[in-house]
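Here is how the chains run, residue by residue.
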Amino acid sequence: MSQPRPIPRLLGSLLLLAAATLSGVVASGLAATPAQAAEPPVRPLGQTVPVPASVVPGGAPFTLTPETRIRTDSSGEVRAIGDRLAEVLRPSTGYALPVTDRPSPGAIRLRLSGKDSALGEEGYRLQSSRGSLTITAHRPAGLFRGVQTLRQLLPSRVEEDTRQPGPWQVAGGTITDSPRFAHRGAMLDVSRHFLTVDQVKRYLDHISLYKINKLHLHLSDDQGWRIAIDSWPRLATYGGSTQVGGGPGGYYTKAQYKEIVRYAAARHVEVVPEIDMPGHTNAALASYAELNCDGVAPPLYTGTAVGFSSLCVPKAVTYDFVDDVIREIAALTPGRYIHIGGDEAHSTSRADYVAFMNRVQPIVATYGKTVIGWHQLTGATPAEGAIAQYWGLDGTSQAEKEQVARAAQNGTRLILSPADRIYLDMKYNKDTELGLSWAGYVEVRRSYDWDPGAYLPGAPASAIAGVEAPLWTETISSNEHIDHMAFPRLPGVAELGWSPAATHDWEDYKVRLAAQGPRMEALGIDYYRSAQVPWPATQ
Ligand code: TNX
C-alpha cells in the first residue's frame, strides 16, 4: 500500500487506508490559507478523537437534508439523546430535524438493541450509508457516545451556533466501538478558585464530546468549602467565603449541586464528589473551632501552600463531622463513588493517618458508596472495592510506587493521573503563563505518549480502572484559563482511556487532533496552539 509516510501499529488495512487518506487531506489543507479549506467535504470515517476501535469504510455517504428526521426508540432516555443531537445540529444546519419514534425513511436512527450485549455499557455501532445513518447500542450511554462520534464525522462548522453552508455528509461505512477503560475522568478543583455552575456545565459540554464519563469535583480544600452541608452550615457560608488570592469564593447550594449532577447525567457523565481529608481541611477547621485539637479555629487561608492542616484524628467529634458530611453528600450522589482525598497529609502523623483512613472508609460504605482516595490511601488499608488514584511521577520513590503496585496486586484498582503526564495545571513549557511546574513541563505529546496499561511497574493491567486528568486551580479562574490548560491535552487523555492500545500512535494522533482545531474554535474553546500539532492554517 502506498502511503505518504509510515503509520505503524494501526488496526487493520482498512483503517490504514482511511488514515492514509486523511494524512493526504490534511497535508494539502496546510497549503491553503482559510481553515475551512482544510476540511474535506466528507471527513474520512474514523477521523475522530478518540479514534474508534474498528472502522470499515465503504459505500456512499449519508447526507443530512432539510427533510431528515431523528428517529429514536420510545424510551425517554433515548428520546433525550435524540433531542440533544437535534440541539447541536439545528442552529448550524438550519434544518428542523424533528425527533420522532415513527419509522422515517432517510432518518438518523438511534436504537437500543437487546441482542447487542457485546457492545457493553458504552459501546455502539454506527452504520452510515446513502439511505440512512443508524447508531445501535446496548445501553443509552452507548448511544450518547455514538452521537459524539457522529458530531465529529460531520464538518466542524456543525458546532457553530449560527447557520452555516452545507453539504452535511457522513462517509459511508461502519464503526464498531467500545472503551478500553470504564473510568475516563476529568477533575475540576472548584476549591482553590470557585467555579460557577455555568462554568462546570460548559466544561461538561466540552469533555463529553471526547467521551469522558466521570467528572470528579474537588469540593473542599484549605482555601474553600464549596458544597452546602445542612448539619454544618458554616462550612459553606464561612468556609466557602474566599479563595486563592482572597476573592469572594462561593459554594453550591444543594439545588445547584443537583443541577450539576443532572446536567452531567444527561451527558452520561457521573459526578464523583471529593471531600479531601484529613489534610487540606483548613476551610473546615476555620469554620468550626471544635474540629481543631486545640479548640481554636485558624483564620481562612488564601495562599497556595499545601500540607499544613489536619482534622483532629483523636477527637470523637471529627467522626460525627465526617459521618454527617458523607451522609449528606451520599444523598446528593446517584453514582457509586465518594472520593475521600487523603493526599499530602503532612501535618498528620503516620499512625493518625492510618487510623483516620481506616475509620472513615467504613462510613462511606455505611451510606452505600465505594471509596476512592488519592494513592496515599494504599499506606493505610484500602477497603474492599476501593480505588486508589495514582498521582505520582517518574521521580516518585521506588518504595511509594511499590506500595501502590502491591495494593493493585491485592485487588485495589487504580485510576492513573500521573502528574508529569496528565496534570492539566502543569505548564506546557517555560513560556506558559498559567499553571505550575513542580512536576515539570507537559507538552501535548508528553501527555498523550504513554500507556496506562503498562505504566506502573508491578501493577497488573487488569487493576487499571482508567485514567483521569486533574485540573488544579491555584492559577486558574476563568473559562479562558480552563480552555488553555485542558485543551488540547484532555482529548489525548480521553483517547488513552477509550481507544485500544494497538491504535496508539502519536504521528496518527497529532493529525486527528489537528482536525479538532476548527471544531474547538467553532465551540468557542480557546485551546493552546501547541507547535507540536499540525493545526490547519487559520484566516
Ligand atoms: C498536588 S495531587 C495536590 C494538590 C495541588 C496540586 C497542584 C494532589 C492529590 N494534591 O493539592 O493542587 O498538586 O499541582
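A word on the pattern of salt bridges
Move 1: The tally for this structure, following the rule as stated, stands at 29 salt bridges.
Move 2: Put simply, Glu474 and Arg192 hold a salt bridge, and the shortest N to O gap is 3.6 Å. Here Glu474 is found in the loop between β19 (464–471) and α13 (479–486), whereas its partner Arg192 is found in the loop between β10 (183–189) and α4 (197–209), with 282 residues between them in sequence.
Move 3: With a relative accessible area of 13%, Glu474 lands in the buried category.
Move 4: Given a relative accessible area of 2%, Arg192 falls into the buried group.
Move 5: In this structure, Asp483 engages Arg202 in a salt bridge whose closest nitrogen and oxygen atoms are separated by 2.8 Å.

Quick word on the state of the cysteines
Move 1: Using the criterion set out here, one finds one disulfide in the structure.
Move 2: Note that Cys293 is cross-linked by a disulfide to Cys312, the S-S spacing being 2.0 Å. Its torsion about the S-S bond being 95°, the disulfide of Cys293 and Cys312 is classed as right-handed. Taken together, the positions of Cys293 in the loop between α7 (282–287) and α8 (316–331) and Cys312 in the loop between α7 and α8 put the pair 19 residues apart, joining distant regions of the chain.
Move 3: Take Cys312: its relative accessible area is 2%, and that puts it in the buried class.

Points about the site of the ligand
Move 1: Not every one of the 13 residues close to the ligand is listed here, only the nearest: Arg192, Tyr423, Asp425, Trp438 and Glu474.
Move 2: Interatomic distance of 3.2 Å between a side-chain N/O atom of Glu344 and an oxygen atom of the ligand.
Move 3: Taking Trp438, its side chain carries an N or O atom lying 2.8 Å from an oxygen atom of the ligand.
Move 4: Burial of the ligand by the protein amounts to 98% of the accessible area it has alone, namely 360 Å².
Move 5: Each residue belonging to the shell around the ligand can be placed in one class, and the counts come to seven nonpolar, one polar and five charged.

A closer look at the sheet that holds strand β6 (residues 124–128)
Move 1: Spatially, the seven strands line up as an open sheet ordered β1-β9-β6-β7-β5-β3-β4, and their pairing is mixed. Lying at the two open borders of the sheet, with one neighbouring strand each, are β1 (54–57) and β4 (99–100).
Move 2: As judged from the three bridges shared by strand β3 (residues 70–72) and strand β5 (residues 108–112), these two strands associate in the parallel manner. Bridge assignment links Arg71 to a residue of β5, and that residue is Arg109.

With respect to the sheet that holds strand β15 (residues 337–341)
Move 1: Ordered by their spatial adjacency, eight strands build a closed barrel running β10-β11-β14-β15-β16-β17-β18-β19, and the pairing between neighbours is parallel. If you compare each strand with its neighbour and ignore which way they point, the axes differ by 30° on average.
Move 2: Pairing geometry for β10 and strand β11 (residues 214–218), over five bridges, is parallel. Following the sheet pairing, Asp189 is matched in β11 by His218.
Move 3: Against the sheet, α8 touches β14 (270–277) and β15, its axis set at about 170° to β14.
Move 4: Packed onto the sheet, helix α9 (residues 350–366) meets β14, β15 and β16 (370–374) and runs at close to 160° relative to β15.

Section: the side chain of Asn213
Move 1: Locating Asn213 in the fold gives a position in the loop between α4 and β11.
Move 2: Exposure remark for Asn213: the relative accessible area of 5% places this residue in the buried category.
Move 3: From its side chain, Asn213 meets the backbone oxygen of Ala182 in a polar contact 2.7 Å long.
Move 4: Dropping the residues within four chain positions of it, Asn213 is found in contact with Glu122, Arg145, Ala182, His183, Arg184, His268, Val269 and Glu270.

Observations concerning the packing of aromatic side chains
Move 1: All told, the structure shown has 18 aromatic pairs when counted by the stated rule.
Move 2: Cluster of aromatic residues (ring-pair linked, three or more members): Trp374, Trp391, Tyr423, Trp438 and Trp472.
Move 3: Here the guanidinium or amino end of Lys211 rests over the ring plane of Trp498, the centre of that ring lying 5.6 Å away.

Overview of the packing of α4 against α13
Move 1: α13 packs onto α4 with a crossing angle of 30° between their chain directions and a minimal axis gap of 11 Å. Taken together, α4 and α13 sit at an angle that is classed as roughly parallel. Along this stretch, α4 crosses α13, giving a crossing that reads as right-handed. Contact residues: Gln199, Arg202 and Tyr203 in α4; Asn479, Ile482, Asp483 and Ala486 in α13.

Points about the pairing of strand β9 (residues 173–177)
Move 1: Burial of the side chains of β9 is restricted to one face: Gly173, Ile175 and Asp177 are buried, whereas none of Thr174 and Thr176 on the reverse face is.
Move 2: In terms of strand pairing, β1 meets β9 through four bridges, oriented antiparallel. Counterpart to Val56 in the pairing with β9 is Thr174.
Move 3: Note that β6 and β9 share five bridges and pair antiparallel.

Calculation rules
- As a convention, each chain's residues are numbered from 1 in the sequence order in which they are written.
- Thresholds applied to this predicted model are a pLDDT of at least 70 for local features of residues and 80 or more for the giving and counting of side-chain atom pairs; totals over whole chains, interfaces and linings are not thresholded and use all residues.
- For the side-chain quantities, the full set of heavy atoms in the structure was used; hydrogens and water were omitted.
- Salt bridges are defined as contacts in which a side-chain nitrogen from Lys or Arg sits within 4 Å of a carboxyl oxygen from Asp or Glu.
- Secondary structure elements are taken from DSSP: a helix is a run of H or I of four residues or more, a strand is a run of E of two residues or more, and numbering for both begins at the N terminus.
- Burial classification: accessible surface area is computed with a 1.4 Å probe over protein chains only, and a residue below 20% of its type maximum counts as buried, one above 50% as exposed, and the rest as partly exposed.
- The term disulfide is used for any two cysteine sulfur atoms that are within 2.5 Å.
- Near residues are defined by distance, with any heavy atom within 4 Å of the molecule or strand qualifying the residue.
- For this analysis, a polar contact is any N or O atom pair within 3.5 Å, provided that within protein one partner can donate a hydrogen and the other can accept it, and provided that sequence-adjacent residues contribute only side-chain to side-chain pairs.
- Areas reported as accessible are Shrake-Rupley estimates using a 1.4 Å probe. Residue values count occlusion only from the protein chains shown.
- By the convention adopted, Pro, Cys, Tyr, Trp, Phe, Met, Ile, Leu, Val and Ala count as nonpolar, Lys, Arg, Asp and Glu as charged, and the other residues, Gly among them, as polar.
- By definition, two strands form a pair when at least two bridges between them are found by DSSP.
- Between N-to-C directions, angles cover 0 to 180 degrees, with each direction set by a line fitted to C-alpha atoms, over the stretch in contact for helices.
- Two residues qualify as a contact provided that any one of their heavy atoms is within 4.5 Å of a heavy atom in the partner residue.
- For this analysis, a ring pair means two rings from Phe, Tyr or Trp (six-membered ring only for Trp) whose centres lie within 6.5 Å, classed as stacked if their planes differ by under 30 degrees, edge-to-face if by over 60, and tilted for the remaining angles.
- Consider the ring centre and the ring normal. A charge sits over the ring if Lys NZ or Arg CZ is within 6 Å of that centre and within 35 degrees of that normal.
- Roughly parallel here means an angle under 35 degrees, roughly antiparallel means over 145, roughly perpendicular means 65 to 115, and every remaining angle is called oblique.
- Left-handed describes a crossing in which the near helix is turned anticlockwise from the far one by less than a right angle; the clockwise case is right-handed.

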